Amino acid sequence: MAKFVHSMIRVRDEARSVAFYGKAFGLTVAERLDFEDFTLVYLSNDENDFELELTINKGTEAPYELGNGYGHAAFVVDDLEAEHARFEAEGFAPRKIVDFKNGGERVARFFFVADPDGYQIEVIAKGGRFK
């Protein structure tokens, strides 16, 4: 068996990204490893063991090209409407809530928000397959 432990994204501004993920999703720094050319910051919360690894390449000023292969990360929340309102109040500019259906049956309710580097994040209402 294999255990999925983290996913990595490259970010330009460590403090800005740590603040965003802390305010938006309650992630805190689990560990920070500083190297000569880059820094790794592992973010997590008490909800699970999975971590988000932020890689900060020192001296990188230009935005990263996200390409067309990256899709999104997803977080599940208990109260989608309250989180949407909180994101708006924080100035995170969440997109509208979507009621996603297949053949008339609800698959999920969600909205998207972009992190400071433009990575897309789906915020999904808890329920169904999203527990």
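Look a little higher up for the structure.
Basis of the calculations
- Sequence order as written defines residue numbering, which begins from 1 separately in each chain.
- For this predicted model, a pLDDT threshold of at least 70 governs which residues receive local features, and a threshold of 80 or more governs which side-chain atom pairs are given and counted, while totals over whole chains, interfaces and linings are taken from all residues.
- Note that water and hydrogens are dropped before the side-chain values are worked out from all heavy atoms of the structure.
- To qualify as a helix, a DSSP run of H or I must reach at least 4 residues; to qualify as a strand, a run of E must reach at least 2; elements of each kind are numbered from the N terminus.
- Summary of the burial criterion: residues with accessible area below 20% of their type's maximum are buried, those above 50% are exposed, and those between are partly exposed, where the area comes from a 1.4 Å probe applied to protein chains only.
- Contacts: residue pairs with any heavy atoms within 4.5 Å of one another.
- Counting rule for charge: Lys and Arg are taken as positive, Asp and Glu as negative, and neither His nor the chain ends is counted.
- Charge positions are represented by NZ for Lys, CZ for Arg, CG for Asp and CD for Glu.
- In this description, strands pair whenever DSSP reports at least two bridges between them.
- Put simply, the grid is 1 Å and covers the protein atoms alone, a cavity is a trapped set of points that fit a 1.4 Å probe, a pocket is an open set with protein on both sides within 12 Å along at least five of seven lines, and lining residues have an atom within 4 Å of a point.
- Grid points are joined across faces, edges and corners, and a volume is the space filled by probe spheres set on the points.
- Residues are grouped as follows: nonpolar covers Ala, Val, Leu, Ile, Met, Phe, Trp, Tyr, Cys and Pro; charged covers Asp, Glu, Lys and Arg; every other residue, Gly included, is treated as polar.
- Axes, fitted as lines to C-alpha atoms, cover a helix only where it is in contact. Angles between the N-to-C directions of the axes lie from 0 to 180 degrees.

(A) Broad picture of the overall build of the chain. Within the chain one finds two helices and eight strands. Listed by position from the N terminus, the elements making up the chain come as β-α-β-β-β-β-α-β-β-β. Each of the three principal axes of the chain carries a C-alpha extent, and together these read 55 × 40 × 30 Å. Looking at the chain as a whole, 33% of its 131 residues are labelled buried. Taking contacts inside the chain between residues at least 6 apart in sequence as the whole, the part at least 24 apart equals 50%. Each charge class in the chain can be summarised by its mean position, and for the 16 positive and 24 negative side chains these summaries are 6 Å apart.

(B) Highlighting the pairing of strand β8 (residues 120-125). Of all the six residues making up β8, five are buried; the element is thus mostly covered by neighbouring parts of the structure. In this sheet, β8 lies alongside strand β5 (residues 73-77) in parallel orientation, the contact comprising five bridges. Note on β8: the bridge partner recorded for Ala74 is Glu122. Strand direction decides the pairing type here: strand β7 (residues 105-114) and β8, joined by five bridges, are antiparallel. Bridge pairing in β8 places Ala114 opposite Gln120. Connecting the antiparallel pair β7 and β8 is a turn made up of five residues, with Gly118 showing a positive phi of about 95°.

(C) Fine view of the layout of surface pockets. Taken as a whole, the largest pocket spans an internal volume of roughly 920 Å³. If you go around the largest pocket, you meet 35 residues; those closest to its centre are Asn48, Phe50, Ala74, Phe75 and Val76. When residues in the lining of the largest pocket are grouped by element, the largest group, five residues, is from β5. In terms of residue class, the lining of the largest pocket is made up of 20 nonpolar, six polar and nine charged.

(D) Main features of the sheet that holds strand β3 (residues 38-44). The four strands lie next to each other as β1-β4-β3-β2, forming an open sheet whose pairing is mixed. Of all strands in the sheet, those with a lone pairing partner are β1 (6-10) and β2 (28-34), marking the two edges. Across the sheet, the mean angle separating the axes of adjacent strands is 20° when strand polarity is ignored. Relative to β3, β2 runs antiparallel, the two sharing six bridges. Bridge pairing links Asp34 to Thr39 in β3.

(E) Seen up close, the sheet that holds β8. If you walk across this open sheet you meet the four strands as β5-β8-β7-β6, and the pairing is mixed. Looking at strand neighbours, the two that pair on one side only are β5 and β6 (98-102), the edges of this open sheet. Across the sheet, the mean angle from the axis of one strand to that of its neighbour is 35°, orientation sign disregarded. Contacting β5, β7 and β8, helix α1 (residues 14-25) crosses the sheet at an angle of about 10° to β8. Contacts from helix α2 (residues 80-90) reach β5, β7 and β8, with the element oriented near 15° to β7.

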